[in-house]
Amino acid sequence: MLKRTEGIVLRTISFGEADLIVTYLTHDFGILKLFAKSPRKIKSRFGSSLEPLTHSRISFWGKEDASLPRLTQSDIISSFQSIRDYLYSFIKTSEIIELTIHFAAERDTNRMVYFLLLNTLRDIENNLFTKPTSSPFTKDGNNRDENLIIIHYKVKFLKFMGYTPRLDACGRCGKSGNYFYISEGSILCGACANGIDSPIRVSPTVIKFYNDLLLWDPKKINRIKPSENLLSEVSGIINIHIKYILSRPLKSESFIYSMR
């Protein structure tokens, strides 16, 4: 059965001498893995449409329960080539791609995640990270703007997938609190936190900013200019939360820190 949809290339894996297995985030089928015949040959009909991050109209063939349908056509809508042209921008973008692959289930349609990723790639393309700096939140070029875009994606994505940390109130009783407990994925009040170790203190400013990120869309995000410290604090909590769920940090995040 021939099917059509739009998709964003998340990654490709070599298969044999000239074939690829392409992982897409699609509009109609969620995460989808497709077999591409001979795209690594010079005269391949797929051209550059299978490059990571490329947004395309695709067609694929396979039975309803086929584990690896065959990609038959791929027409580029947006290449996002400029993101790939800058190494640091591509690596930062790889954080959200890796996050999406780990948390989103195959064949589970989630159009909110699809449009979140597509709009985020458009924003990143307009706020390119041209090089790493001593701090990921310095005022070097558009670095702070791009980090805000990355953080916003992580917060909204975790919300859509049901993994968002709770910072508005105690996760057990609903009372107010200022300490985030990693193992609970939530703020806990003093009474509920009795006997639990290793909290992270969270300021009221961080709590408000985080809760705003949960509600705001990308258009509103682009109008604000949070401080570097505020971005750093929120990013730290989100990354620790992701690391706890996955039992390891994202590979792309670790690589970024190794570049500094």
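Residues numbered from 1 in each chain as written. Predicted model: local features only at pLDDT ≥ 70, side-chain atom pairs only at ≥ 80, totals over all residues. Heavy atoms only, no water.

Novice: Explain the pattern of salt bridges here, please?
Specialist: Between side chains of opposite charge, a pair can form as their charged atoms come close. Enumeration according to the criterion identifies nine salt bridges in this entry. The salt bridge involving Arg111 is made with Asp28; its shortest N-O contact spans 2.7 Å. With Arg111 in helix α3 (residues 111-125) and Asp28 in the loop between β2 (19-26) and β3 (30-36), this residue pair connects regions lying 83 residues apart in the sequence. Glu98 serves as the salt-bridge partner of Arg248, at 3.8 Å between the closest nitrogen and oxygen. Of the two residues, Arg248 is situated in the loop between α7 (228-246) and α8 (251-259) and Glu98 in helix α2 (residues 87-103); the sequence distance between them amounts to 150 residues. The exposure class of Glu98 is buried, given its relative accessible area of 13%. (Salt bridge = Lys/Arg side-chain N within 4 Å of Asp/Glu carboxyl O. Helix = DSSP H or I, 4+ residues; strand = E, 2+ residues; numbered from the N terminus. Buried < 20%, exposed > 50% of the residue type's maximum accessible area, 1.4 Å probe, protein only.)

Novice: Looking at this model, I keep getting lost on helix α5 (residues 204-215). Mind explaining?
Specialist: End to end, α5 covers 17 Å across 12 residues, agreeing with the expected 16 Å (1.5 Å per residue, within 8%). Of the positions making up α5, those classed as buried are Val206, Ile207, Phe209, Tyr210, Asp212, Leu213 and Leu214. (Expected span 1.5 Å × (residues − 1).)

Novice: Please clarify how the side chain of Glu95 should be interpreted in this entry.
Specialist: Following the sequence through the fold, Glu95 ends up in helix α2. Within the structure, Glu95 has its side chain in polar contact with the side chain of Lys154 (distance 2.7 Å). Apart from residues no more than four positions distant in its own chain, Glu95 is found in contact with Lys154, Asn239, Leu250, Ser252, Glu253 and Ile256. (Polar contact = N/O pair within 3.5 Å; in protein donor to acceptor, adjacent residues only side chain to side chain. Contact = heavy atoms within 4.5 Å.)

Novice: So what exactly am I meant to see when it comes to α2 here?
Specialist: Residue pairs spaced three or four apart in an α-helix point in one direction, given the helix's 3.6 residues per turn. When the terminal C-alpha atoms of α2 are compared, their 25 Å separation across 17 residues agrees well with the 24 Å that a helix rising 1.5 Å per residue should span. Burial runs high along α2: 12 of the 17 residues are buried. The complete set of buried residues in α2 reads Tyr88, Ser89, Ile91, Lys92, Thr93, Glu95, Ile96, Ile97, Glu98, Leu99, Thr100 and Phe103.

Novice: What should I look at first to understand the pairing of strand β1 (residues 2-15) in this one?
Specialist: The side chains of a regular strand alternate between the sheet's two faces. Summarising the sheet, β1 and strand β4 (residues 55-61) pair through seven bridges and their orientation is antiparallel. The residue of β4 that forms the bridge with Leu2 is Trp61. The pairing of β1 with β2 spans eight bridges and is antiparallel. Within β2, the position partnered with Thr12 by the bridge is Val22. Here β1 hands over to β2 after three residues, with Gly16 in that stretch at a positive phi of 70 degrees. (Pairing = 2+ DSSP bridges.)

Novice: Mind showing me how you'd approach the nonpolar core here?
Specialist: Nonpolar side chains tend to gather and get buried jointly when the protein is soluble and globular. Residues Leu117, Tyr153, Phe209 and Leu213 are the most contacted members of the largest nonpolar core, which totals 48 residues. In terms of residue count, the dominant contributor to this core is helix α4 (residues 143-161) (eight residues). Within the second largest apolar cluster, 12 residues are counted, among which are Val9, Phe46, Phe60 and Leu71. (Core = buried A, V, L, I, M, F, W, Y, C linked by side-chain atoms within 4.5 Å.)

Novice: I would appreciate a short explanation of the packing of α2 against α7 in the present structure.
Specialist: Relative orientation of the contacting elements α2 and α7 amounts to 35 degrees, with a least axis distance of 12 Å. Two packed elements cross with a definite hand, and for α2 against α7 that hand is left-handed. Of α7, the residues touching α2 (which contributes Glu95, Leu99, His102 and Phe103) are Asn239, Ile242, Ile245 and Leu246. Tallied by class, the residues present in the contact of α2 with α7 amount to five nonpolar, two polar and one charged. (Axes fitted to C-alpha atoms, helices over the stretch in contact; angles between N-to-C directions. Left-handed = near helix turned anticlockwise from the far one by under 90°. Nonpolar A, V, L, I, M, F, W, Y, C, P; charged D, E, K, R; others polar.)

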